[in-house]
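The residues making up each chain are set out below.
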Amino acid sequence: MTRLTTNDIQHIAAQLADYDTELTKKTGYSLRGIACRAAGVQESEFEKMSADLLAGIVPLTFGRGIIGGFCDTVASIVAHIGCPALVTQFADVAGLAEAFEKKADIIMLADDDRFVAIHPQSRQLADNAAATGRGFATGLSLMGGGLEKKNVLVIGCGPVGSAATQALVKLGSDVSIYDINLSRSDDLANRIRQSLDAKINIVKKLEQALTDHQFIVDATPAADIIPAEYITPDTYISAPGVPLGLNQEARSKVFDRLLHDPLQIGVATMTVDAMKFLLPEG
Ligand code: PYL
């Protein structure tokens, strides 16, 4: 997982309304709409419940430390989709205590390895990598007019790519996976076979797979992985990976058939995932 920088996220809060417009044009759904679809929650239900919740976001100094603006940006995304949010004044254990004292229903916190939303009452948690993969798979499906029985290529078999693969299999897609490390592809294919009783295709040559696929999830932290020559007028790309795997030429060729953001879809989906713990069946 790429560690974000202040630079990556500095304009997110100010541009959330514009981002909603962009997502709606591309997919027919707002950020909240995509997140609710990805989490399997009716948007009206989320709207009703979320206004009475409070999310507490706790800065963590552990590991490589605070990312300037990270917690505030997370809070702005959570609030944008309709759930009140606060960033604790204190970090670490004092921040966790503060979130409890302020009666936060959901507590969000990230270090260099994990970013989670904890619902202490039910002892459950939502994971950002899983939410991000599912959110971007859902976004690709909405942007591409549905992916049932369609061939989809997932590049990168880490936690985000794995979650995207799982979501795509559940959507009925024929999924091919590629990872620079073949054993990660093998592991993911085995997990999918065991958990979903589904067979997925392991790709060994990325160039051929890019030629063969119109729908692509780029869940890698690698730049320039999808060159412009592989982009056709039918190519749709959903790219949770940072940095984006398309250079400027590829980006202008794919034009508006691209979903890419560093935090928004993942945080929104994780928030709806966490809210599900409050539902009777959650
Ligand atoms: C959560 C993001 C998604 C992509 N990369 C992940 C990342 O940057 N992780 C590091 C988050 C560290 C946050 C820091 C803070 O400001 O509280 N501990």
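See the structure printed just above.
The shown structure was predicted, so the numbers you read here are calculated from the model rather than taken from an experiment.

Caption draft 1: Molecular detail of the sheet that holds strand β6 (residues 151-155). Pairing in this open sheet of 6 strands is parallel, and the strands run β8-β7-β6-β9-β10-β11 from one edge to the other. In the strand order of this sheet, the two ends are held by β8 (201-202) and β11 (258-260), each with one partner.

Caption draft 2: How the structure looks around the packing of aromatic side chains. Throughout the structure, instances matching the rule amount to 2 aromatic pairs. Taking the centre distance of 5.6 Å and the plane angle of 25 degrees together, the rings of F215 and Y236 count as stacked. In this pair, F215 sits in strand β9 (residues 215-218) while Y236 sits in strand β10 (residues 236-239), placing the two residues 21 residues apart along the sequence.

Caption draft 3: Representation of the site of the ligand within the structure. In the vicinity of the ligand, 14 residues are found, and the nearest of them are T2, L4, L60, I67 and A110. Within the backbone of T2, a nitrogen or oxygen atom sits 2.6 Å from a nitrogen atom of the ligand. L4 is positioned with one of its backbone polar atoms (N or O) 2.8 Å from an oxygen atom of the ligand. Isolated, the ligand exposes 470 Å² of accessible area, and the fraction of that covered by the protein chains is 95%. The cavity that encloses the ligand is the largest pocket. When grouped by side-chain class, the residues that make up the shell around the ligand number 10 nonpolar, 2 polar and 2 charged.

Caption draft 4: Main features of the pairing of β6. Of all 5 residues in β6, 4 are buried, a share of seventy percent or more. Note: β6 against strand β7 (residues 174-178), 5 bridges, orientation parallel. Across the sheet, residue N151 finds its bridge partner in β7, namely D174. Taking the sense of rotation as the criterion, the β-α-β connection linking β6, helix α8 (residues 159-170) and β7 turns out right-handed. Bridge count between β6 and β9: 4 bridges; the pairing is parallel. Residue pairing across strands places I155 opposite D218, the latter belonging to β9.

Caption draft 5: The side chain of T27, seen in detail. On the secondary structure map, T27 appears in helix α2 (residues 16-27). A polar contact is formed between the side chain of T27 and the backbone nitrogen of Y29, at a distance of 3.0 Å. In this structure, T27 is in contact with I34, G139, L142, M143 and L259, ignoring residues within four places of it in sequence.

Caption draft 6: Fine view of the sheet that holds strand β3 (residues 106-110). If you trace the 5 strands from one edge of the open sheet to the other, you get β2-β1-β3-β4-β5, paired in mixed fashion. With one partner strand each, in any of the chains shown, β2 (85-87) and β5 (124-127) form the two edges of the open sheet. Across this sheet, the average inter-strand angle for adjacent strands is 20 degrees, counted without regard to direction. Strand direction decides the pairing type here: strand β1 (residues 55-57) and β3, joined by 3 bridges, are parallel. Residue pairing for β3: G56 is matched across the bridge by I107. Helix α7 (residues 128-143) contacts β4 (115-119) and β5 of the sheet and is inclined by roughly 50 degrees relative to β5.

Caption draft 7: Geometry of unusual backbone geometry. Following V242, the chain continues to P243 via a peptide bond in cis, the omega torsion being 0 degrees. Along the chain, P243 turns up in the loop between β10 and α11 (248-254). In this structure, D92 takes a positive phi of about 55 degrees despite not being glycine. Note that D92 resides in helix α6 (residues 92-101). A positive phi is found at K103, a non-glycine position, where the angle reads about 65 degrees. Structurally, K103 can be placed in the loop between α6 and β3.

Caption draft 8: Seen up close, the pattern of salt bridges. Here the structure, examined in full by the defined rule, presents 8 salt bridges. Linking D127 and R114 is a salt bridge whose minimum nitrogen-to-oxygen distance equals 2.8 Å. One end of the pair, D127, is in strand β5; the other, R114, is in the loop between β3 and β4, with 13 residues separating them in the sequence. With a relative accessible area of 18%, D127 lands in the buried category.

About the criteria used
- Residues numbered from 1 in each chain as written.
- Predicted model: local features only at pLDDT ≥ 70, side-chain atom pairs only at ≥ 80, totals over all residues.
- Heavy atoms only, no water.
- Pairing = 2+ DSSP bridges.
- Helix = DSSP H or I, 4+ residues; strand = E, 2+ residues; numbered from the N terminus.
- Phe/Tyr/Trp six-rings, centres within 6.5 Å; stacked < 30°, edge-to-face > 60°.
- Near = heavy atom within 4 Å.
- Polar contact = N/O pair within 3.5 Å; in protein donor to acceptor, adjacent residues only side chain to side chain.
- Areas by Shrake-Rupley, 256 points an atom, 1.4 Å probe, with all protein chains shown as cover.
- 1 Å grid on protein atoms, 1.4 Å probe; cavity = no way out; pocket = protein on both sides within 12 Å on 5 of 7 lines; lining within 4 Å.
- Sits in = over half its atoms within 2 Å of the grid points.
- Nonpolar A, V, L, I, M, F, W, Y, C, P; charged D, E, K, R; others polar.
- Buried < 20%, exposed > 50% of the residue type's maximum accessible area, 1.4 Å probe, protein only.
- Right-handed = clockwise from strand over helix to strand, strands pointing away.
- Contact = heavy atoms within 4.5 Å.
- Axes fitted to C-alpha atoms, helices over the stretch in contact; angles between N-to-C directions.
- Salt bridge = Lys/Arg side-chain N within 4 Å of Asp/Glu carboxyl O.

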